[in-house]
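Each chain, written out:
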Amino acid sequence: MTDPSAPEPGKPLVPAEDLLEFTAALLEKGGLGAEDARTTADVFLWAAQRGVDSHGTARVPAYLDLLAKGVANTRPEITVRSTTPAAAILDADRAPGPVALTRAAGEAVDRARTYGIATVAVRRTVHTGAIGYYVSRIAEQGLIGIGFVSGMPNMGYTGVKGAAVATSPLAIAVPAATHAPLLLDMATATIALGRIRQAKANGTPLPEGAAATEDGTPTTDPDQAVMPLPLGGAKGSGMSLAFELLTSVLVGAPIFASFHSDDPQGRKHRQNALLIAVDPAAFGGADAFTEAVDTTLGTLKGLPVADGASGVFYPGERSAALSAERGRAGIPVAPKVWRELLARADAFGVVPPRPVGDPG
């Protein structure tokens, strides 16, 4: 069995806390305030520790570019508007997603503590990052977290020629008494855009029905693929459209209709989100709930293991174990990403951390 703590060949292994401080320093040099830089870096580190490399430190150079180009606002004036105690709209003023959604998650928890359930919609943010992070923050407070995101159309829709809807993700986090929280974090696409780019770089074919050419023709050729296809066909594309209604349209900031209109502003990068916090105490008792969650998860894990399977796992279990291991041993960084981070550090005058085992 492979030792998960062993350094991956060719990948620098960087201590988690050092990588967090390094990433935050780069983002602060890129224009974010110290607190916002730390918040954004924390989202990247969370994803990297859990093995979600597409949303981890690999995102830092792209975020620095978004800040430099003014796509993301380095000094956003975030406002919260509410006409009812259990619901609110947070206008992000083009703040980076980690900044806006972290604040929205906190707002949802505070309101749910009083009213049992609360919903906070986020409008006009820029790339939300790993949505599982925000619902996990809600679950850390003993509440159930649910999140939806809508973004720029980059995925096919059943029956439509070309890109139509977004690869809009859904995440649900449920706290447990002794188990790691259940964390379902999924996109409505069959395959991530990052997987298509990776297949192109490696020259490996894509799975059948996972991606399509510019006109929507399914292909396994990574050189021809430009967009993912929806998960489950009409089911995935229908979910994406529903999430657009539950986020963008709900807060008067439609993306889909604007993108497909003649308005030149319709293709300006932006995202919207909806976070929901549910307090189990409002439904009969938090302790009884988390204990019952433990029983449910334990029952699942006690079921007979199928031939050839390595075990029975619930959503988020293995990534939580990987996060704990990487928090102890360090986080592997892809060589290309590490070179990009070092180049940005050199340009900003930031001293990079020393990888594990690097004598300097």
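Refer to the structure above for everything that follows.
Residues numbered from 1 in each chain as written. Predicted model: local features only at pLDDT ≥ 70, side-chain atom pairs only at ≥ 80, totals over all residues. Heavy atoms only, no water.

Undergrad: Explain the pairing of strand 11 (residues 271-278) residue by residue, including any values.
TA: Counting buried residues along strand 11, 8 of its 8 residues qualify, which places the element largely inside the surrounding structure. Where strand 4 (residues 117-125) lies against strand 11, 7 bridges are found, and the strand directions are antiparallel. The residue bridging Val122 from the neighbouring strand is Ala273, located in strand 11. Relative to strand 11, strand 5 (residues 144-150) runs antiparallel, the two sharing 7 bridges. By the bridge assignment, Ser150 is partnered in strand 11 with Asn272. (Buried < 20%, exposed > 50% of the residue type's maximum accessible area, 1.4 Å probe, protein only. Helix = DSSP H or I, 4+ residues; strand = E, 2+ residues; numbered from the N terminus. Pairing = 2+ DSSP bridges.)

Undergrad: Mind laying out the sheet that holds strand 8 (residues 211-212), listing which residues take part and the relevant values?
TA: One open sheet accounts for 3 strands, arranged 9-8-10; its pairing is antiparallel. At either margin of the open sheet sits one strand with a lone partner, and together these are strand 9 (218-219) and strand 10 (227-228). Examined bridge by bridge, strand 8 and strand 10 share 2 bridges and lie antiparallel to one another. Its bridge partner being in strand 10, Ala212 is matched across the sheet by Met227.

Undergrad: Please set out the nonpolar core residue by residue, giving values where relevant.
TA: Within the largest apolar cluster, 34 residues are counted, with the highest numbers of intra-cluster contacts made by Leu90, Ala100, Leu101, Val122, Tyr134 and Leu275. Broken down by secondary-structure element, the contributors of at least two residues to this core are helix 2 (34-49), strand 3 (87-91), helix 4 (97-115), strand 4, helix 5 (131-140), strand 6 (169-174) and strand 11. Per-element tally for this core: the top contributor is helix 4, with 8 residues. Look past the residues within four positions of Leu101 in its chain and what remains in contact with it is Val122, Thr125, Thr128, Tyr134, Ala273 and Leu275. Formed by 27 residues, the second largest nonpolar core is a distinct cluster that contains Ala16, Ala72, Val126 and Val350. (Core = buried A, V, L, I, M, F, W, Y, C linked by side-chain atoms within 4.5 Å. Contact = heavy atoms within 4.5 Å.)

Undergrad: An account of the packing of aromatic side chains is requested, with residue identities and associated values reported.
TA: Counted under the stated rule, the structure contains 5 aromatic pairs. Where Trp46 meets Tyr133, the ring centres are 5.9 Å apart and the plane angle is 85 degrees; that geometry is what we call edge-to-face. One end of the pair, Trp46, is in helix 2; the other, Tyr133, is in helix 5, and 87 residues separate them in sequence. Given the relative accessible area of 4%, Tyr133 is considered buried. Through a chain of ring-to-ring contacts, the aromatic side chains of Trp46, Tyr133 and Tyr134 assemble into a single cluster. Across the ring face of Phe259, the terminal group of Arg267 is positioned such that the distance to the ring centre comes to 4.0 Å. (Phe/Tyr/Trp six-rings, centres within 6.5 Å; stacked < 30°, edge-to-face > 60°. Lys NZ or Arg CZ within 6 Å of the ring centre and 35° of its normal.)

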